[in-house]
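Structural features, examined
Chain by chain, the residues:
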Amino acid sequence: MSKKKLPSRTEDFNDWYNTVVIRADLADYGPARGTMIVKPYGWTLWENMQQALDRRFKDTGHVNAGFPMFIPKSFIDREASHVEGFSPELAVVTIGGGKQLEEPLVVRPTSETIIGYAYSKWIKSYRDLPVLINLWNSVVRWELRTKLFLRTLEFWWQEGHTAHATYEQAQEETLQMLEVYIDFARNEAAIPPFFGRKSNSEKFPGADVTYSIEAMMGDKKALQAGTSHNLGQNFAKAFDIQYLDPNNEMQYCWTTSWGLSTRFIGAMIMTHGDDQGLIMPPRLAPHQAVLIPIYKDEDQKATVMDSVASVSAELIEQGIRVKVDDREGFTPGHKFNYWELRGVPVRIEIGPKDVANQSVALARRDVLGREGKSIVPQESVTSAVNDLLIDIQHSLLERATNFRDSNTSEPRDYAHFKEIVADGFAFAWWCGGETCETAIKNETKATSRCIPDSGLEDEDGKCIYCGEMSTDKVYFARSY
RNA sequence: CGGGGUGUAGCGCAGUUGGUAGCGCACCGCGUUUGGGACGCGGGGGUCCGCGGUUCGAGUCCGCGCACCCCGACCA
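Residues numbered from 1 in each chain as written. Chains lettered and ligands numbered in written order. Predicted model: local features only at pLDDT ≥ 70, side-chain atom pairs only at ≥ 80, totals over all residues. Heavy atoms only, no water.

Overview of helix α8 (residues 263–272)
Operational definition: Only protein chains enter the accessibility calculation, which uses a 1.4 Å probe; a residue is then buried when its area is under 20% of its type maximum, exposed when over 50%, and partly exposed in between. Secondary structure is summarised from DSSP: a helix means a run of H or I of at least four residues, a strand means a run of E of at least two, and numbering begins at the N terminus for each.
Of all 10 residues in α8, 10 are buried; the element is thus mostly enclosed. Among the residues of α8, those classed as buried are Arg263, Phe264, Ile265, Gly266, Ala267, Met268, Ile269, Met270, Thr271 and His272.

Topic: the state of the cysteines
The cut-off we apply is this: Two cysteine sulfurs form what is called a disulfide whenever their separation falls within 2.5 Å.
Inspection of every chain in the model, using the stated rule, returns 0 disulfides. Between cysteine 431, a cysteine without a disulfide, and cysteine 436, which holds the nearest cysteine sulfur, the sulfur-to-sulfur distance is 3.7 Å. Among the residues examined, cysteine 431 registers a relative accessible area of 29% and is labelled partly exposed.

Regarding the layout of surface pockets
It is a probe the size of a water molecule, rolled over the atoms, that shows where empty space is left. For clarity, the cut-off: Of the grid points, spaced at 1 Å and generated over the protein atoms alone, those admitting a 1.4 Å probe that cannot get out make up cavities, while open sets with protein on both sides within 12 Å along at least five of seven lines make up pockets; any residue with an atom within 4 Å of a point is treated as lining. Grid points are joined across faces, edges and corners, and a volume is the space filled by probe spheres set on the points. In this document the domain limits rely on a domain assignment from an automatic tool or a database.
Considered as a void within the structure, the largest pocket measures approximately 1,300 Å³ in volume. The wall of the largest pocket is formed by 46 residues, among which Glu89, Arg141, Glu202, Pro205 and Gln224 lie closest to the centre. When contributions to the lining of the largest pocket are tallied by element, the ones reaching two or more residues are α4 (80–86), β8 (154–164), β11 (222–230), β14 (254–261), α8 and β22 (447–450). Built from parts of two domains, the lining of the largest pocket gets at least three residues from each of domain 1 (13–272) and domain 3 (409–477).

So, empty space enclosed by the protein
Which entries qualify depends on this criterion: Three classes are used: nonpolar for Ala, Val, Leu, Ile, Met, Phe, Trp, Tyr, Cys and Pro, charged for Asp, Glu, Lys and Arg, and polar for all others, with Gly counted as polar.
All chains considered together, the criterion is met by 2 cavities of 30 Å³ or more. Around the largest cavity, the lining residues are Glu112, Ile115, Gly116, Tyr119, His161, Thr162, Leu231, Phe235, Ile241, Thr255 and Thr256. Those elements that place two or more of their residues in the lining of the largest cavity are α5 (112–122), β8 and β14. Along the lines of polarity and charge, the residues of the lining of the largest cavity split into 5 nonpolar, 5 polar and 1 charged. In this structure, the second largest cavity encloses a volume near 40 Å³. Around the second largest cavity, the lining residues are Ile265, Met268, Ile269, Leu278, Ile279, Met280 and Pro281.

Pasting the structure below:
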């Protein structure tokens, strides 16, 4: 099918990424610059992510809804920092049905404004609160430099939008959804993110506070993989979202929003992949196991395919997502490479030897070669595969955690800081001043990623840049 | 938007002095193969990015566009 080796991950990470996304059939380029076609294999992965997230959203009391893609341009202009943040990257529709429009329509870059419009109509009383709605949709931001999954003109995501009676409730929601993202990342995607508050300059346009999860990619750059915002009363005031409290007094709502996008697929690729291709975390993998029949002639084929059929039926029965690769005209070796490229966690080989011995051969994707192979009795194949999937899921998380921690360090001084961020994350004291933040960015290309709530109240240190007393410790890294 | 690069078959490329558009992979057919990317034979597939110019003749020379990719300023 495809050619030989991928570009080396260590020699050219960028080339490796671009090639693996295409070759593994996750996505393709769209005809318009910067657009992405998500292919069925990539979309299935996204569907699995959606299910894992949606379950968590429902468990925390949220419901889904659909909102318009077109937003009156004036809506965007109502919240000052929101306008400022999004104006440069808006796609604006000025003609509809062949006629110039009275008022241009913006293709939603995010839905805070139109949510504000709706919530102001819906919310009258404290009894209407909280409102907990999530949207699954796509949004458009006119980016200059694009890259499949990481930054495209259109991307798919979910955006949660909630309204509350008090600041405390909004803050609780904001942190709860941050926790949901952390849990999803760790336990579904096997990605151990750092998490915390964004600096002023990095926060969402219109938010009081932004929290994010930040993952370390295989090239030791950071990727913001999910965000949760406490919007304070900014949008409530801009869109007049008010309610009568129990004392019959008008109050502005407190709102939040939170989102996680197809960008997260990029995070999985760049966290787990190796020079053979993708490595899918078992819990989200489109195919958790691929079954490859091996035979030399028609007689062997008949008996081998019998075993294949019964093994696959048993696995499916147990809820394991299994794919049988019974394509003619490809050698087993070819299929091994084909499915390794696509990151299927477990490979099951069934050949004449296995039929004779009532066994199957298992190979785990995260441990290549002989070391990752084992022979198990056919009768225990289901539990063996199940155990293996669980083990792979754990190993991926452990491997990623070790990688993250061994490439994160605390700088002694600014010179040391520069060394660290050239090839990793630095966890450093920062005075909170934008001047220092900008200077660091200009001098090292590293930006502040997030400020964990690390319980450092009793402790303080000196800003890594200016030496002033500081109360916050911040992760700095080059980022996507 | 600045810098660099590339546009020739689905992908990767070659194309000499301007003279019949080619190679590898992929694809289709047949046969032999099949436990780590098989092989043979036969086939299909082209607006040579576009427009204009020079010429008997342009993939090739000249001009003007356009697109995409990579690197820098902004972002999930």
